[in-house]
Amino acid sequence: MDKRFPFVDWFRNSSPYINAHRGRTFVILIEGEAMARGRGEQLIQDLALLHTLGVRLVVVFGIRPQVRQALDAAGITPGQHQGRCVAEGEVMACIERVAAEQLLWLEARFSLGLPNTPMHGVELSAISGNLVMAKPLGVREGVDFDHSGEVRRVRTQAIEGLLEQGALVVLPPLGFSSTGEVFDLDASDVAQHAAMALSADKLILLGEASGLCDASGQLQRQLTPAEAGPLLNQAPPGSELARHLEAACQAARHGVARTHLLSWHDHDALLGELFTRDGVGTMITRHRYEQLRSAELADIGGLLELLEPLEQRGMLVPRSRERLEHEIDDYLVIERDGMIIGCAALHRFDDAEMGELACVAVHDDYRGGARGELLLAELERRARRQGLSALFALSTHTTHWFFEHGFRLADLEALPPLRRDTYNHARKSKVLIKSLG
């Protein structure tokens, strides 16, 4: 069939995410480099689209490059300590001016609604204010940070009220004190505390990097705070990586379901991360969203959907819903963001102290990620705990995979009597056995 509009399939597949995100609260940090490099216009269009789809948005913006440029133009060299700028006198005056200019620019762009523009017809109220309370960093290691501060608290009730009215809340990297002072804040610190205070569904950090990579340069799709810890320890103090990782890990530990590290260089990053199953960056989450677990009756529909294509190709024996329900306690599944993408079963034959490794399946889109090996390893552990001495499998298509994982060919007579009696001679499946001794 000729597909003249390929985006239609993408749009159909994104509908579960459109429904899932509606009414959710996202805190999004846009680092100042994105604005300085001309990415502001499209990001604002993407944010307007999210607002139109019913997402409750709190947008935090950074101003580091803009402040550096203004200070250079004024011939001012600020002090630096522990990765932070010392915001004294002239420096703080410059920071306040740049923050005000950037806020006005954002509010103007969110008001854009000319015909023939992506913002046409969007009624969007972008509101800011004294929504973040701050305290001074004080004197550290003999250095007086003056008006450099940190977040004391976020005015949660006020922000919630604005979101309930349909407004988009904009937070500059500034905080206010009960003494009427203004403090320079780190934008990622503002985003982290806002996300935690609001119990946000997502914290999204748009920076230079496309996520976190391992030693071989492979993008890490998902990490827990514990797994991200070594990377945080290695990051230079005050660097964007250190600031973003600290915010992500703290948010995850304090109830923010998911934090996404994305690159503003990638024009599709924000929407790609939110409306596709695999996303494009790194996600920090307290609990893994791809997990290996025991199957439950609620998984039957997902199992049937996973197994049907393999059954049609003759790779697996068809299994009815009733059979799966009866044997559900034998199954392990790999669940990814609500979708069953892998499964395997261990059927016990206690009379022979053997177990059958059956129904090993991984979704076509998720092959090559060692998920089959993960299922096999867990079932081997279960078999040993249950006192079984060997595993066997019957295969027509994947015998070499079993060879690679320690199985050997065997005769039909090696099967337990009960399984030998039900062997399907028409399929001519190979018998493979692995000792667990």
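Relevant structure appears above.
Our subject in this report is the structure included herewith. Nothing here was measured: the structure is a model prediction, and the numbers come from that model. (Residues numbered from 1 in each chain as written. Predicted model: local features only at pLDDT ≥ 70, side-chain atom pairs only at ≥ 80, totals over all residues. Heavy atoms only, no water.)

Before going further, it helps to examine the sheet that holds strand S19 (residues 290-294). Read from one edge of the open sheet, 7 strands run S19-S20-S21-S22-S23-S25-S24, paired in mixed fashion. Edge strands, defined here as strands with exactly one partner in the open sheet, are S19 and strand S24 (408-410). On average, adjacent strands in this sheet sit at an angle of 30° to one another, irrespective of strand direction. As paired elements, strand S20 (residues 331-336) and strand S21 (residues 339-349) share 6 bridges and run antiparallel to each other. Considered in S21, the bridge of Val333 is made with Cys343. Contacts from helix H11 (residues 300-312) reach S20, S21 and strand S22 (354-362), with the element oriented near 85° to S21. The sheet strands contacting helix H13 (residues 371-385) are S19, S20, S21, S22, strand S23 (390-395) and strand S25 (430-435), and the helix crosses S21 at an angle near 30°. (Pairing = 2+ DSSP bridges. Helix = DSSP H or I, 4+ residues; strand = E, 2+ residues; numbered from the N terminus. Axes fitted to C-alpha atoms, helices over the stretch in contact; angles between N-to-C directions. Contact = heavy atoms within 4.5 Å.)

Okay, a nonpolar patch on the surface next. Together, Phe7, Trp10 and Phe11 give the surface a local cluster of nonpolar side chains, amounting to about 360 Å² of exposed area. Mapping Phe7 onto the fold places it in helix H1 (residues 7-21). Judged by relative accessible area, Phe7 falls into the exposed class, the value being 54%. (Patch = residues over 30% accessible without salt bridge, like charges linked within 9 Å, V, L, I, M, F, W, Y side chains within 5 Å. Areas by Shrake-Rupley, 256 points an atom, 1.4 Å probe, with all protein chains shown as cover. Salt bridge = Lys/Arg side-chain N within 4 Å of Asp/Glu carboxyl O. Buried < 20%, exposed > 50% of the residue type's maximum accessible area, 1.4 Å probe, protein only.)

All told, the structure shown has 23 salt bridges when counted by the stated rule. Across the pair Asp350 and Arg348 runs a salt bridge whose closest N-O atoms are separated by 2.9 Å. Using a relative accessible area of 47% as the deciding quantity, one classes Asp350 as partly exposed. Assessed through its relative accessible area of 42%, Arg348 is described here as partly exposed. For Glu378, the salt bridge is made with Arg382, and the minimal N-O distance between the two is 3.5 Å. With a gap of 4 residues between them, Glu378 and Arg382 both fall in helix H13, about one helical turn apart. Of the two residues, Glu378 and Arg382, both sit in the buried class.

Counting residues in hydrophobic clusters, the biggest one holds 47 residues, and the most contacted among them are Ile28, Ile30, Leu47, Leu50 and Phe110. The element best represented in this core is helix H5 (residues 89-110), accounting for 9 residues. Residue contacts for Ile28: discarding those within four places in its chain leaves Leu47, Leu50, Leu57, Val58, Val59, Val60, Ile204, Leu206 and Leu270. By size, the runner-up hydrophobic cluster in this structure holds 38 residues, among which are Val60, Leu162, Leu185 and Leu203. (Core = buried A, V, L, I, M, F, W, Y, C linked by side-chain atoms within 4.5 Å.)

By the element assignment, Glu413 lies in the loop between S24 and helix H15 (417-421). Judged by its relative accessible area of 61%, Glu413 falls in the exposed class. C-alpha of Glu413 to C-alpha of Val431: the two residues are 18 residues apart in sequence and 9.6 Å apart in space.

A few words on H11. Given a rise of 1.5 Å per residue, 13 residues ought to cover 18 Å, and the 18 Å separating the end C-alpha atoms of H11 matches this to within 8%. At Leu306, H11 shows its largest kink, close to 25°, and the proline Pro309 lies no more than four residues downstream. Of the positions making up H11, those classed as buried are Ile300, Leu303, Leu306, Leu307, Leu310 and Glu311. Buried positions along H11 lie against helix H12 (321-327), S20, S21 and S22. (Expected span 1.5 Å × (residues − 1). Bend = angle between axes of the 7 residues up to and from the residue.)

Next up on the list: the packing of aromatic side chains. Per the stated rule, a full pass over the model turns up 3 aromatic pairs. For the ring pair Trp401 and Phe402, a centre distance of 5.1 Å and an interplane angle of 85° mean the geometry is edge-to-face. Look at Phe402 and you get buried, because its relative accessible area is 6%. A ring pair is formed by Phe402 and Phe407, whose centres lie 5.2 Å apart and whose planes are at 80°; its orientation type is edge-to-face. For the pair formed by Phe402 and Phe407, the shared burial category is buried. Counting every residue linked through ring pairs, the aromatic cluster contains Trp401, Phe402 and Phe407. (Phe/Tyr/Trp six-rings, centres within 6.5 Å; stacked < 30°, edge-to-face > 60°.)

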